[in-house]
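Here's the letter readout for the chains.
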Amino acid sequence: MLLFSIFGYPVTHSISPRLHNTVLHALKLDGCYIRKAITEPEKLLATFHSMGLDGANVTVPHKETAFAQCDEVRGIAKEIGAVNTLVKEGTRVIGYNTDAEGFYEAIKSFGYIRHALILGAGGTAKAIAVILKAHDIETTILNRSASRLSFFESKGFTCKTWETFTAEPYDLIINTTSAGLKDEEYPCEQALLKSIFSHAKYAFDVIYNKPTPFLELAKQSNLVCKDGKEMLLYQGVLAFNLFFSKHYDFKTIEALMRPAFEL
């Protein structure tokens, strides 16, 4: 039997097992997807091997740890410096990142985007910035402090702090911070956010299944909005296909996974 897992801490809330097990069952594949909390990140790869896994997904806060421990990193993950999908190839573990492409799939319905503004400078912001750049979308990073902006500066992105930022017209505003996840906070000062929204078309929050203050304000500003639900779905579809060497059609996996996602 094939065995897959989600690695992270915490992972009790993860719906990845439901998504992947639904597809495994529908395709009549002899496999199972489980959860594993990783409290000692230095043992992440050793845990992968000791569990006899064929593949795994990695969630916060271990994506950069996974990147460092893989035998090989492929694709856009090399530029991002973070891995969210592990695939066994013989005795080796290969790392990929499906967050970036998952995000891009989720924003395709917005239509043409020329300029984007990312709020936050963590691992998710890195993935989103790199995929936007790959699709020739001019991207600015806005973060509270300058200390986390060096990665983005090294990649040639325009980087601003709250003190140095002046609102300009952006097509898409993306919140990658945790503001609004467990509180009613905004990712930056409300007045500044209102000013940003007044010249924007679209808003995206990576947080899902929760009406965050960021998205509520965006809706009040008459922006077209999305939360992170579809990003989560698409990164899961892409990860499943990597587990099976891209043997299955993307749309087929999406059609099988989506009903489980919407439960």
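For the structure given in this document, a descriptive report is provided here. (Residues numbered from 1 in each chain as written. Predicted model: local features only at pLDDT ≥ 70, side-chain atom pairs only at ≥ 80, totals over all residues. Heavy atoms only, no water.)

### Regarding helix α10 (residues 229-243)
And then number 1: Its 15 residues place the ends of α10 21 Å apart at the C-alpha level, agreeing with the 21 Å of an ideal helix rising 1.5 Å per residue.
And then number 2: A large share of α10 lies buried, amounting to 12 of its 15 residues.
And then number 3: Buried residues of α10: Met231, Leu232, Leu233, Tyr234, Gln235, Gly236, Val237, Ala239, Phe240, Asn241, Leu242 and Phe243, and no others.
And then number 4: Looking one or two places after α10, you find Ser245, whose phi comes out positive at around 55 degrees. (Helix = DSSP H or I, 4+ residues; strand = E, 2+ residues; numbered from the N terminus. Expected span 1.5 Å × (residues − 1). Buried < 20%, exposed > 50% of the residue type's maximum accessible area, 1.4 Å probe, protein only.)

### Some details on the sheet that holds strand β3 (residues 55-58)
And then number 1: Strand order in the open sheet made by the 6 strands is β2-β1-β3-β5-β6-β4, with mixed pairing throughout. Bordering the open sheet on either side are β2 (31-37) and β4 (72-73), each of which pairs with just one other strand.
And then number 2: Examined bridge by bridge, β3 and strand β5 (residues 85-89) share 3 bridges and lie antiparallel to one another. Within β5, the residue paired with Gly55 across the bridge is Val87.
And then number 3: Against the sheet, helix α1 (residues 16-26) engages β1 (2-8), β2 and β3, with an angle of about 170 degrees to β2.
And then number 4: In this fold α10 packs onto β1, β2, β3, β5 and β6 (92-96), with an angle of close to 10 degrees to the strand it touches most, β5. (Pairing = 2+ DSSP bridges. Contact = heavy atoms within 4.5 Å. Axes fitted to C-alpha atoms, helices over the stretch in contact; angles between N-to-C directions.)

### Regarding the side chain of Asp171
And then number 1: The residue Asp171 is located in the loop between β9 (158-161) and β10 (172-175) in this model.
And then number 2: A distance of 2.7 Å separates a polar atom in the side chain of Asp171 from the backbone nitrogen of Arg114.
And then number 3: Other than its neighbours up to four places away in sequence, Asp171 contacts Ile113, Arg114, His115, Ala200, Lys201 and Tyr202. (Polar contact = N/O pair within 3.5 Å; in protein donor to acceptor, adjacent residues only side chain to side chain.)

### Topic: the environment of His20
And then number 1: As for its position among the elements, His20 is in helix α1.
And then number 2: Owing to a relative accessible area of 2%, His20 belongs among the buried residues under this scheme.
And then number 3: Each C-alpha atom, one on His20 and one on Ile207, is 21 Å from the other, the two residues being 187 residues apart in sequence.
And then number 4: Not counting chain neighbours up to four residues away, the residues in contact with His20 comprise Tyr33, Asn57, Gly236, Ala239, Phe240, Phe243 and Met257.

### Considerations on the nonpolar core
And then number 1: In terms of nonpolar packing, the biggest core is built from 57 residues, with Phe103, Phe152, Leu172 and Phe204 touching the most fellow members.
And then number 2: Residue contributions to this core peak at 8 residues, all from α10.
And then number 3: Residues in contact with Phe103, not counting those within four places in the same chain, are Ile128, Ile131, Leu132, Leu172, Ile174, Phe204 and Met231.
And then number 4: Membership of the second largest hydrophobic core comes to 18 residues, among which are Leu119, Phe165, Leu192 and Ile196. (Core = buried A, V, L, I, M, F, W, Y, C linked by side-chain atoms within 4.5 Å.)

### Overview of the pairing of β10
And then number 1: Taking every second residue as pointing to the same face, both faces of β10 are buried, with Leu172 and Ile174 on one and Ile173 and Asn175 on the other.
And then number 2: Bridge count for strand β7 (residues 115-119) against β10 is 4 bridges, and the pairing is parallel. If you follow Leu119 over to β10, its bridge partner there is Asn175.
And then number 3: Taken together, β10, helix α8 (residues 190-197) and strand β11 (residues 202-205) form a β-α-β motif whose crossover is right-handed. (Right-handed = clockwise from strand over helix to strand, strands pointing away.)

### Overview of the packing of aromatic side chains
And then number 1: Tallied over the full model, the rule gives 12 aromatic pairs.
And then number 2: Ring geometry for Phe110 against Tyr202: centres 4.7 Å apart, planes inclined by 15 degrees, an arrangement best described as stacked. Of this pair, Phe110 sits in the loop between α5 (99-107) and β7 while Tyr202 sits in strand β11, placing them 92 residues apart in sequence. Both residues of the pair, Phe110 and Tyr202, belong to the buried class.
And then number 3: Between Phe244 and Tyr248, the ring centres sit 5.9 Å apart and the planes meet at 75 degrees, which makes this aromatic pair edge-to-face. Accessibility assignment for this pair places Phe244 and Tyr248 in one class, buried.
And then number 4: Three or more aromatic residues joined by ring pairs make a cluster, and in this case those are Phe4, Phe240, Phe243, Phe244 and Tyr248.
And then number 5: It is Lys126 that lies over the ring of Phe151; its NZ or CZ is 4.8 Å from the centre. (Phe/Tyr/Trp six-rings, centres within 6.5 Å; stacked < 30°, edge-to-face > 60°. Lys NZ or Arg CZ within 6 Å of the ring centre and 35° of its normal.)

### Digging into unusual backbone geometry
And then number 1: In this structure, the amide linkage connecting Tyr9 to the following residue, Pro10, adopts the cis form with an omega of 0 degrees.
And then number 2: Following Val60, the chain continues to Pro61 via a peptide bond in cis, the omega torsion being 5 degrees.
And then number 3: Mapping Pro61 onto the fold places it in the loop between β3 and α3 (63-69).
And then number 4: Backbone geometry places Lys28, a non-glycine residue, at a positive phi of 55 degrees.
And then number 5: On the secondary structure map, Lys28 appears in the loop between α1 and β2.
And then number 6: For Lys28, a relative accessible area of 75% corresponds to the exposed category.
And then number 7: Even without glycine at this site, Lys246 takes up a positive phi of about 55 degrees.
And then number 8: In this structure Lys246 comes out as exposed when scored by relative accessible area, which is 62%.

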